[in-house]
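Here is how the chains run, residue by residue.
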Amino acid sequence: MNANWDKVFQIINKPERRIIGLMSGTSLDGLDIALCAVKGKGSDTSVRILEFKTVPYTDGFKKDIKSIFSKRDADLQMISLMNAQIGLVHGGMILEAIASWGLKPDDVDVIASHGQTIFHAPQSLHGLEGYPNATLQIGDGDHIAVKTGIVTIADFRQKHLAAGGEGAPLAVYGDYLLFSKPGEDRIMLNIGGIANFTYLPGNGDASKVFSTDLGPGNTIMDQYVQKNYPGLYFDKDGSISASGTSNGLLLDALMKEDFLDAGFPKTTGPELFNLSYLEKAQKQSATTDLSTADVMATLCNFTARVIVRAVERCFGVDNTFSMYMSGGGMHNPELVRRLNEALPGVAFYTTASLGIDPDAKEAVLFAVLANETLVGDVVNFGDRQGVPAVCMGKICLPY
Ligand SMILES: Nc1ncnc2c1ncn2[C@@H]1O[C@H](COP(=O)(O)OP(=O)(O)OP(=O)(O)O)[C@@H](O)[C@H]1O
Ligand SMILES: CC(=O)N[C@H]1[C@@H]2OC[C@@H](O2)[C@@H](O)[C@@H]1O[C@H](C)C(=O)O
């Protein structure tokens, strides 16, 4: 038997696995690295975060990724180069993180790598008849495995697509396993570049659990700040949006989009929600002369409205569920204020109160997915559309 498999079997047979979960999302701000101690499988999974850090991307690296990100006419050579480059850069960041924690690569059993999404194309977005749902994450797993010497599980979304899903949101699997609680209806809201949530009914009925993208997120706000406030990457603490006034006409135009009215589950990305989307809405509503602060206030309100509309669609006016937030948007007080105001009576928490650092949550979820691939039984949600019963990821061996 190839010695690599011996290593994999040893990992499978351990009572507790040390898994590094990685996430580098649509905000392109950096790589989240969560070293997790994972025990058990399925609903008996337990996770302790041993270490966590976000390693910021350099400006040059951001620029390289942006040159091929969410663009239909990206340079094929650059995509090929970046597939290897992202793997190498992530591998280097992981080695540095491991050393900074006083550990060695041998102390880590597995890396669970999301990679960098560069294009998300569900049928609902590309609209091309006869073509499947598609999504593309680059940052090759073999490069990470060889550079670090650690077994790497990567490229999780392709199996989800192959089994009939849209390749996202994958949060549903980990959220269900880690955070379901008998007697409490929960919404696990992640506000990253794109906002999404998982609904976890308190009666534990797996056939009702789902996870869905909602719309933006921070993505349009981030893109607008980067264009109009040179030197800034995002609206830190919501100070720009708090200084402006939300414009009703522009907000109405932004809310007019079929995706926002489509049923759950659904997925999207910056391929739809971008500065062209904003410009179109500004033209339609004759609000092209708004101040940048007012545009930011409206965009912040837009994100809040998108989330609130989806929550209301799920629960009507019944506000007896609890909301557990994660993702960078929960650090924006102006956005959270708007959510609190629009959803009175809803108990807002972050996943910190469930023992998981909200900034690490998505990285942790990939560690859980990798654990399931190694030792789990397939999580079955009743084979409904959008949540196929699959384990995911490709196993990349270090030598
Ligand atoms: N202090 C803060 N004030 C306002 N916004 C913040 C703050 N901290 C983070 N953010 C927002 O959060 C974003 C990063 O969020 P996060 O890392 O969760 O996104 P992501 O994982 O890249 O996206 P996705 O989940 O869509 O893939 C930043 O770009 C910024 O918009
Ligand atoms: C294609 C893709 O990378 N989608 C991401 C993105 O970021 C948030 C939202 O859009 C979500 O659908 C997904 O990530 C999370 C981790 C998920 O799959 O659950």
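Per an unreviewed UniProt entry, the protein chain goes by the name Anhydro-N-acetylmuramic acid kinase and belongs to Pedobacter metabolipauper. UniProt lists a comment for the protein chain under the heading Function (unreviewed entry), and it reads "Catalyzes the specific phosphorylation of 1,6-anhydro-N-acetylmuramic acid (anhMurNAc) with the simultaneous cleavage of the 1,6-anhydro ring, generating MurNAc-6-P. Is required for the utilization of anhMurNAc either imported from the medium or derived from its own cell wall murein, and thus plays a role in cell wall recycling." One UniProt comment on the protein chain, placed under Sequence similarities (unreviewed entry), says "Belongs to the anhydro-N-acetylmuramic acid kinase family."

Asks: Would you mind going over the packing of aromatic side chains in detail, with residue names and values included?
Replies: Counted according to the given criterion, the structure contains 14 aromatic pairs. With a centroid separation of 6.0 Å and an interplanar angle of 65 degrees, the aromatic rings of Phe 197 and Phe 264 are classed as edge-to-face. Taken as a pair, Phe 197 in strand 8 (residues 194–200) and Phe 264 in the loop between helix 11 (258–261) and helix 12 (275–284) lie far apart in primary sequence, 67 residues in all. Residue class for Phe 197 comes out buried when judged on its relative accessible area of 0%. For Phe 264, a relative accessible area of 25% puts it in the partly exposed group. Between the aromatic rings of Phe 210 and Phe 264, the centroid separation amounts to 5.4 Å while the plane-to-plane angle is 15 degrees, which identifies the pairing as stacked. On the criterion of sequence distance, the pair formed by Phe 210 in strand 9 (residues 210–216) and Phe 264 in the loop between helix 11 and helix 12 is long-range, its members being 54 residues apart. Ring-pair connections join several aromatic residues into one group, and the members of that group are Phe 197, Tyr 199, Phe 210, Phe 264, Phe 315 and Phe 321. Above the plane of the ring of Tyr 233 lies Lys 62, whose end atom (NZ or CZ) is 3.8 Å from the centre.

Asks: Summarise the site of ligand 1; cite the residues concerned and give the values.
Replies: In the neighbourhood of ligand 1, 21 residues make up the surrounding shell, with Thr 26, Ser 27, Asp 222, Asp 237 and Gly 328 lying closest. Backbone polar atom of Ile 194 to an oxygen atom of ligand 1: 2.9 Å apart, as the coordinates give it. Notes on ligand 1: free accessible area 650 Å², of which the protein chains cover 88%. Classifying every residue of the shell around ligand 1 gives three nonpolar, twelve polar and six charged. Both of domain 1 (3–170 + 360–396) and domain 2 (180–354) provide at least three residues apiece to the shell around ligand 1.

What counts, and where the lines are drawn
- Residues numbered from 1 in each chain as written.
- Chains lettered and ligands numbered in written order.
- Predicted model: local features only at pLDDT ≥ 70, side-chain atom pairs only at ≥ 80, totals over all residues.
- Heavy atoms only, no water.
- UniProt positions renumbered as here; feature names shortened; annotations may be inferred.
- Phe/Tyr/Trp six-rings, centres within 6.5 Å; stacked < 30°, edge-to-face > 60°.
- Helix = DSSP H or I, 4+ residues; strand = E, 2+ residues; numbered from the N terminus.
- Buried < 20%, exposed > 50% of the residue type's maximum accessible area, 1.4 Å probe, protein only.
- Lys NZ or Arg CZ within 6 Å of the ring centre and 35° of its normal.
- Near = heavy atom within 4 Å.
- Polar contact = N/O pair within 3.5 Å; in protein donor to acceptor, adjacent residues only side chain to side chain.
- Areas by Shrake-Rupley, 256 points an atom, 1.4 Å probe, with all protein chains shown as cover.
- Nonpolar A, V, L, I, M, F, W, Y, C, P; charged D, E, K, R; others polar.
- Domains from an automatic or database assignment.

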